[in-house]
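Architecture at a glance
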Amino acid sequence: MAKTIAICGHVMPDGDSLGSELAMGIALRKMGKEVLLFSPDPVPESYSFLPAVSEVKHQHEDNNKKFDIFISVDCSVPDRLGSFTELMQQSEQVVIIDHHAGSTVFGDLYLNDPEAAAAGEIIFDILKVLPVDIDSYIAQCLYVAIVTDTGSFRYDNTGPETHLKVAELLRVGIPAARINKQLFEEKPLVSLKILEEALGTLMLSECGRIAWMCVSRETLKKLDALDEHVDGIINYPRMIKGVELALFYREVDHDTFKISFRSKYNLDVNKLAALFGGGGHSRAAGCIIEGDFESVHKKVLKAAMQSLEDAKK
Ligand code: 5GP
Ligand code: MN
């Protein structure tokens with residue numbers, strides 16, 4: 001019988017990764033397990049209201065500790081666990097809970113449902129068969145997982161099951177309106193300052209179907225901004241009428257760019273990001289490319305144009 005369990009989400013954690021991890025962690029603790037919660041990167045301030053989130057560690061003091069079970073949530077490839085891949089490798093059993101299409105199969109028990117809108121939907125299903133009640137804390141975590149990965153139920157991944165599960169979470173009694181305000185209607189001033197700078201870089205392809213923006217390290221440094229303050233900015237170029245594909249370049253290091261891809265109707269950006277060693281979902285994906293901005297963008301734009309052409313066929 002497993003006693004010690006480690007749970008870890010992906011680098012640059014988002015609402016799904018954190019909400020899923022916390023829901024699972026709280027539930028397993030209620031079942032008497034010793035659970036440690038990890039994240040390869042610090043938790044963004046906007047998620048600091050989540051139950052038990054203060055216990056998420058982004059460094060592990062005891063590197064020799066062997067867990068009975070290591071659970072990876074929302075990670076399509078082992079690398080997305082960042083520095084925690086080692087801890088995973090030395091654990092007795094590894095459980096993967098994921099919802100990315102075309103992911104790497106790893107671990108001992110691999111649970112991947114690309115039909116699920118969020119890893120949180122799969123955790124919901126798992127908790128339904130475990131001897132544990134979904135209480136208000138767990139429900140809040142699952143709600144955050146689902147509401148963030150579905151873009152507040154606006155994206156294609158939102159199905160009838162998603163709404164049914166969320167209805168059940170609401171019935172448990174959670175402050176949904178307050179959660180939504182905290183997540184989507186409150187930003188630190190610095191996030192708006194970044195948006196101002198980023199909008200200054202907005203460009204549109206001649207065909208009007210691709211829009212892009214970028215933010216340099218210099219800008220982030222000047223504004224004393226953290227990576228998390230850039231979250232959500234990609235939605236602006238995508239908003240433009242006629243744009244099918246939005247690109248957002250964030251300089252993570254000198255001549256190293258994290259690129260976010262978002263499509264609107266039919267372009268599979270998971271495939272596009274995979275051309276550059278990244279991945280994600282059909283409408284939201286990402287990758288990291290090294291090189292100066294001009295050459296990186298030239299490469300990405302060429303591949304993007306080609307994939308738009310291919311999607312027409
Ligand atoms: P975002 O652009 O918000 O960072 O990521 C959007 C989606 O793409 C998420 O589902 C995330 O898991 C995935 N993603 C982002 N960056 C990478 C990456 O470098 N590699 C892989 N495999 N997936 C990524
Ligand atoms: Mn997810």
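Just so we're clear, the structure is a prediction, and the values are computed from it rather than from any experiment.

Remarks on the nonpolar core
Among the nonpolar cores identified, the biggest contains 44 residues, and Ile7, Leu50, Ile71, Leu127 and Leu142 are the most heavily contacted of them. At eight residues, helix H4 (residues 136–149) tops the list of elements feeding residues into this core. Ile210, Phe257, Val296 and Leu301 belong to the second largest nonpolar core, which has 22 residues in total.

Concerning the pattern of salt bridges
Counted by the stated rule, this structure contains ten salt bridges. The salt bridge partner of glutamate 55 is arginine 29, with a shortest N-O separation of 2.5 Å. On the criterion of sequence distance, the pair formed by glutamate 55 in the loop between strand S2 (34–38) and strand S3 (69–73) and arginine 29 in helix H1 (residues 15–30) is long-range, its members being 26 residues apart. Owing to a relative accessible area of 35%, glutamate 55 belongs among the partly exposed residues under this scheme. Classification of arginine 29 as partly exposed rests on a relative accessible area of 31%. Among the ionic pairs, lysine 128 bridges to glutamate 168, the shortest N-O distance being 2.3 Å. Separated by 40 residues along the polypeptide, lysine 128 in helix H3 (residues 119–129) and glutamate 168 in helix H5 (residues 160–173) bring together distant segments of the chain. For lysine 128, a relative accessible area of 47% corresponds to the partly exposed category. Salt bridges here are not isolated pairs; linked through shared partners, they connect Glu121, Asp125 and Lys165.

Things to note about the coordination of the manganese ion (ligand 2)
At this site the manganese ion (ligand 2) is bound by Asp16 (OD), Asp74 (OD), Asp74 (OD), His99 (NE2) and Asp149 (OD), with donor distances of 2.1 to 2.8 Å. The sequence pattern describing where the donors of the manganese ion (ligand 2) fall on their chain is D-x57-D-x24-H-x49-D. Of this pair, aspartate 16 sits in helix H1 while aspartate 149 sits in helix H4; the two residues are 133 residues apart in sequence, bridging distant segments of the chain. A single burial state applies to aspartate 16 and to aspartate 149, both of which are buried.

Remarks on the site of ligand 1
Taken together, 14 residues surround ligand 1, and among them Arg80, Lys258, Ser260, Arg262 and Ala285 come closest. Taking arginine 262, its side chain carries an N or O atom lying 2.7 Å from an oxygen atom of ligand 1. At 3.3 Å, a backbone N or O of glycine 286 approaches an oxygen atom of ligand 1. Contact with the protein chains covers 81% of the free accessible surface of ligand 1, which is 490 Å².

Topic: helix H6 (residues 176–184)
Along H6, the positions that sit buried rather than exposed are Ala176, Ile179, Asn180 and Leu183. Looking down the long axis of H6, one finds its buried residues gathered within 100 degrees of arc, a one-sided arrangement. In the core, the buried residues of H6 are packed alongside H4 and H5.

Quick word on unusual backbone geometry
One non-glycine residue with positive phi stands out, namely serine 152, at about 55 degrees. Position of serine 152 among the secondary structure elements: in the loop between H4 and H5. Serine 152 gets classed as partly exposed once you look at its relative accessible area, which sits at 27%. Here the phi dihedral of aspartate 255 falls at roughly 55 degrees; this positive angle occurs in a residue that is not glycine.

Some details on the sheet that holds strand S6 (residues 203–204)
With mixed pairing, six strands are arranged side by side in an open sheet as S6-S7-S8-S9-S11-S10. Strands at the two margins of the open sheet, each flanked by one partner only, are S6 and strand S10 (279–280). Here S10 runs beside strand S11 (residues 284–290); their pairing, made up of two bridges, is antiparallel. Of the residues in S11, the one forming a bridge with glycine 279 is glycine 286. Helix H7 (residues 189–199) rests against strand S7 (210–215) and strand S8 (245–253) of the sheet, and its axis sits at about 125 degrees to S7.

What counts and what doesn't
Residues numbered from 1 in each chain as written. Chains lettered and ligands numbered in written order. Predicted model: local features only at pLDDT ≥ 70, side-chain atom pairs only at ≥ 80, totals over all residues. Heavy atoms only, no water. Core = buried A, V, L, I, M, F, W, Y, C linked by side-chain atoms within 4.5 Å. Buried < 20%, exposed > 50% of the residue type's maximum accessible area, 1.4 Å probe, protein only. Helix = DSSP H or I, 4+ residues; strand = E, 2+ residues; numbered from the N terminus. Salt bridge = Lys/Arg side-chain N within 4 Å of Asp/Glu carboxyl O. Donors = N, O, S within 2.8 Å, 3.2 Å for Na, K, Ca; no water. Near = heavy atom within 4 Å. Polar contact = N/O pair within 3.5 Å; in protein donor to acceptor, adjacent residues only side chain to side chain. Areas by Shrake-Rupley, 256 points an atom, 1.4 Å probe, with all protein chains shown as cover. Arc of directions from axis to C-beta. Contact = heavy atoms within 4.5 Å. Pairing = 2+ DSSP bridges. Axes fitted to C-alpha atoms, helices over the stretch in contact; angles between N-to-C directions.

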